[in-house]
Amino acid sequence: MAGRDEKLQAIYEEVLSRNPGETEFHQAVHEVLDSLGPVIAKHPTYAEAGILQRMCEPERQIIFRVPWMDDRGQVQINRGFRVEFNSALGPYKGGLRFHPSVYLGIVKFLGFEQIFKNSLTGLPIGGGKGGSDFDPKGRSDAEVMRFCQSFMTELYRHIGEYTDVPAGDIGVGGREIGYMFGQYKRITNRYESGVLTGKGIAWGGSQVRTEATGYGTVFFVESMLKTKGEGFEGKKVAVSGSGNVAIYAIEKVQQLGGKVIACSDSSGFVVDEQGIDLDLLKLVKEVQRGRLADYVKARGASAKLHSKGSIWAVPCDIALPCATQNELNAADAKSLIANGCQIVAEGANMPTTPDGVKLLTDAGVGFAPGKAANAGGVATSALEMQQNASRDSWGFEFTEQRLATIMRSIHDRCLTTADEYGKPGDYALGANIAGFTQVADAMLAFGLV
Ligand code: NDP
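Rules used in this analysis
Residues numbered from 1 in each chain as written. Predicted model: local features only at pLDDT ≥ 70, side-chain atom pairs only at ≥ 80, totals over all residues. Heavy atoms only, no water. Helix = DSSP H or I, 4+ residues; strand = E, 2+ residues; numbered from the N terminus. Rg over C-alpha atoms; globule rule 2.2 N^0.38 Å. Buried < 20%, exposed > 50% of the residue type's maximum accessible area, 1.4 Å probe, protein only. Contact = heavy atoms within 4.5 Å. Areas by Shrake-Rupley, 256 points an atom, 1.4 Å probe, with all protein chains shown as cover. Lys, Arg positive; Asp, Glu negative; His and termini not counted. Charge placed at Lys NZ, Arg CZ, Asp CG, Glu CD. Near = heavy atom within 4 Å. Polar contact = N/O pair within 3.5 Å; in protein donor to acceptor, adjacent residues only side chain to side chain. Nonpolar A, V, L, I, M, F, W, Y, C, P; charged D, E, K, R; others polar. Axes fitted to C-alpha atoms, helices over the stretch in contact; angles between N-to-C directions. Parallel < 35°, antiparallel > 145°, perpendicular 65-115°, else oblique. Left-handed = near helix turned anticlockwise from the far one by under 90°. Phe/Tyr/Trp six-rings, centres within 6.5 Å; stacked < 30°, edge-to-face > 60°. Pairing = 2+ DSSP bridges. 1 Å grid on protein atoms, 1.4 Å probe; cavity = no way out; pocket = protein on both sides within 12 Å on 5 of 7 lines; lining within 4 Å. Points joined across faces, edges and corners; volume = space filled by probe spheres on them.

Student: Can you explain the overall build of the protein chain? Please cite residues and give values.
Tutor: Looking only at helices and strands, the protein chain features 18 helices and 12 strands. Computed over its C-alpha atoms, the radius of gyration of the protein chain comes to 21 Å, within 12% of the 22 Å expected for a compact globule of 449 residues. Out of the 449 residues in the protein chain, the part that is buried amounts to 57%. Look at the contacts in the protein chain between residues 6 or more apart in sequence, and 72% of them connect residues 24 or more apart. Carbon together with sulfur atoms contributes 51% to the accessible area of the protein chain, which is approximately 17,900 Å² in total. Measuring between centres, the 47 positive side-chain charges of the protein chain sit 3 Å from its 52 negative side-chain charges.

Have a look at this one:
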């Protein structure tokens with residue numbers, strides 16, 4: 001960014017000095033600011049009103065103690081976070097992550113990305129994110145319940161359907177949302193369905209929410225392929241992760257005629273040349289809460305587990321990183337390019353390192369950034385809020401159609417904006433500028449608040 005735009009560089013330096021040590025947050029801010037030079041040049045009012053500085057400073061940050069007792073009767077202490085980043089377009093909206101790596105810098109990077117992602121959906125939701133350094137791995141259901149109840153005992157006072165509406169993320173799925181909603185309902189004595197999304201279908205959840213992030217990413221890629229007159233038929237796809245986003249990305253790729261030949265978890269990756277057996281993967285991951293090693297054991301000869309090396313060295317036409325941040329680096333990008341990969345679409349948040357993105361885009365690989373490609377999850381959360389507000393529930397097909405339409409429209413908005421700013425095909429630039437301008441215009445209208 002240095003030398004390109006002094007104003008933006010000064011803002012970035014201020015972010016670095018005000019938020020020391022928060023490297024993932026710095027990375028996310030840098031990536032967005034790097035795209036905004038032409039917008040600031042075209043609309044000086046944004047700079048005059050300090051819109052960028054305000055956007056980089058969360059409206060509110062909450063950090064709290066989460067005490068709970070494990071099954072052996074020992075006291076455990078974790079740290080809880082909720083960063084309410086920007087409410088220009090609607091109530092703060094964004095997931096909760098439970099993972100030992102969670103600290104303020106991770107929550108702020110995710111919350112910052114969420115502002116632009118939520119804007120791109122075209123739905124009235126602001127940006128926020130939260131979570132805890134609690135590690136659910138190896139914990140019993142009873143321990144997870146006690147943790148979730150303690151977490152919500154503090155969080156409840158900060159959230160509400162018109163204020164802040166959390167959902168799931170890494171380590172937070174239907175089970176955790178259930179425990180948290182139960183505790184919220186008990187403390188407040190209100191059946192306020194719209195306070196959390198990702199709920200079970202029987203108690204205010206939406207059809208397709210579980211599938212939405214993975215499906216949405218694949219719908220986005222479908223639109224990218226369509227611009228080249230192609231489809232998924234016959235394409236080899238590698239998907240990292242084997243959690244919520246990865247599983248439903250695999251499902252939709254298979255439904256559209258593609259073949260997923262590899263997936264991963266934090267212990268390694270599996271290559272299955274006959275195509276991943278999705279029913280088996282769901283059984284191992286969603287029902288048994290097992291590991292990929294259990295999948296390989298049950299699958300037999302066609303699947304091989306690799307505990308060393310990178311999933312991105314597996315030759316594929318399309319790569320969908322769906323695990324976690326910075327999991328696809330420059331070396332991985334080089335392998336993908338060497339093996340003829342055509343598209344990288346981020347199901348996870350910021351899974352590609354900046355040098356990885358540069359290599360891919362310089363080599364002409366279609367690159368879809370997470371804030372556009374994985375926006376289907378939060379978009380369907382907003383549809384869940386709509387259903388809760390009108391005390392309605394929609395069918396699967398209807399909801400999936402709405403998701404598909406939203407993803408197509410995000411895709412087209414990214415492309416149109418990239419064209420408008422003289423960078424045809426640059427999805428990352430298009431996503432940043434389109435996401436930014438809508439939030440910036442609302443902030444201008446509100447005055448200095
Ligand atoms: P899950 O917890 O369901 O799954 C995460 C998967 O990624 C697991 O397979 C996990 O493996 C793997 N993983 C996590 N950390 C690492 C790591 N450090 N190295 C390698 N693998 C890792 O989470 P989700 O599927 O919900 O989320 C995945 C990504 O998608 C995240 O970046 C999240 O922010 C993003 N996202 C999620 C949305 C949602 O609706 N859920 C919406 C939009 C984005 P293991 O089990 O071994 O830990």
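Student: So what's going on with the site of the ligand? Residues and values would help.
Tutor: Around the ligand, the surrounding shell holds 25 residues, and the nearest of these are Asp169, Thr213, Ser266, Arg291 and Asn349. At 2.6 Å, a side-chain N or O of Asp169 approaches an oxygen atom of the ligand. Within the backbone of Asn244, a nitrogen or oxygen atom sits 2.9 Å from an oxygen atom of the ligand. With the chains in place, 82% of the 880 Å² that the ligand exposes on its own is no longer accessible. For the shell around the ligand, the elements supplying multiple residues, two or more each, are α9 (209–227), α10 (244–255) and β7 (259–265). Across the shell around the ligand, the residue classes break down as five nonpolar, 13 polar and seven charged.

Student: Describe the packing of α9 against helix α17 (residues 396–420), and please don't skip the residues or the numbers.
Tutor: The description of two packed helices rests on the angle between their axes and on the distance between the axes. Closest axis-to-axis distance for the α9/α17 pair is 9 Å, and the angle between their directions is 50°. Classified by the interaxial angle, the pair formed by α9 and α17 is oblique. In the crossing of α9 with α17, the sense of the turn from one axis to the other is right-handed. When α9 is examined against α17, the residues Glu211, Ala212, Tyr215, Gly216, Phe219, Phe220, Ser223, Met224 and Thr227 are found in contact with a partner set consisting of Phe396, Glu400, Leu403, Ala404, Met407, Arg408, Ile410, His411 and Leu415.

Student: Tell me about the packing of aromatic side chains, and name the residues and values.
Tutor: Tallied over the full model, the rule gives 19 aromatic pairs. Consider the rings of Phe25 and Phe112, whose centres lie 5.9 Å apart with planes at 85°: the pair is edge-to-face. Remark: Phe112 occurs in helix α6 (residues 104–120) and Phe25 occurs in helix α2 (residues 23–33); sequence separation between them is 87 residues. Among the residues examined, Phe112 registers a relative accessible area of 1% and is labelled buried.

Student: Outline the environment of Tyr103, listing residues and values.
Tutor: When you line up the elements, Tyr103 lands in the loop between β3 (92–98) and α6. Looking at Tyr103, the relative accessible area reads 28%, which means it is partly exposed. Filtering out sequence-adjacent residues up to four positions away, Tyr103 remains in contact with Gly21, Glu22, Thr23, Glu24 and Phe81.

Student: Got a sec to walk through the sheet that holds strand β10 (residues 318–321)? Specific residues and values, please.
Tutor: If you walk across this open sheet you meet the seven strands as β9-β8-β7-β6-β10-β11-β12, and the pairing is mixed. Lying at the two open borders of the sheet, with one neighbouring strand each, are β9 (303–306) and β12 (366–368). Averaged over neighbouring strand pairs, the angle between their axes works out to 15° when direction is ignored. Where strand β6 (residues 236–240) meets β7, three bridges bridge the pair, whose relative direction is parallel. When the sheet's bridge partners are listed, Lys236 is paired in β7 with Lys259.

Student: Can you explain empty space enclosed by the protein? Please cite residues and give values.
Tutor: Under the defined criterion, the tally for this structure stands at two cavities of 30 Å³ or more. Within this model, the largest cavity holds a volume of roughly 40 Å³. Those elements that place two or more of their residues in the lining of the largest cavity are α9 and α17. Per-element accounting of the lining of the largest cavity gives the leading share, four residues, to α9. Of the residues belonging to the lining of the largest cavity, the class tally is two nonpolar, one polar and three charged. A volume near 30 Å³ is recorded for the second largest cavity. If you trace the second largest cavity, you find it lined by Asn86, Ala88, Leu89, Ile115, Ser119, Ile125, Gly126, Gly127 and Val439. Grouping the amino acids of the lining of the second largest cavity by side-chain chemistry returns five nonpolar, four polar and no charged.

Take it as geometry only, folks, not as evidence of what the structure does.
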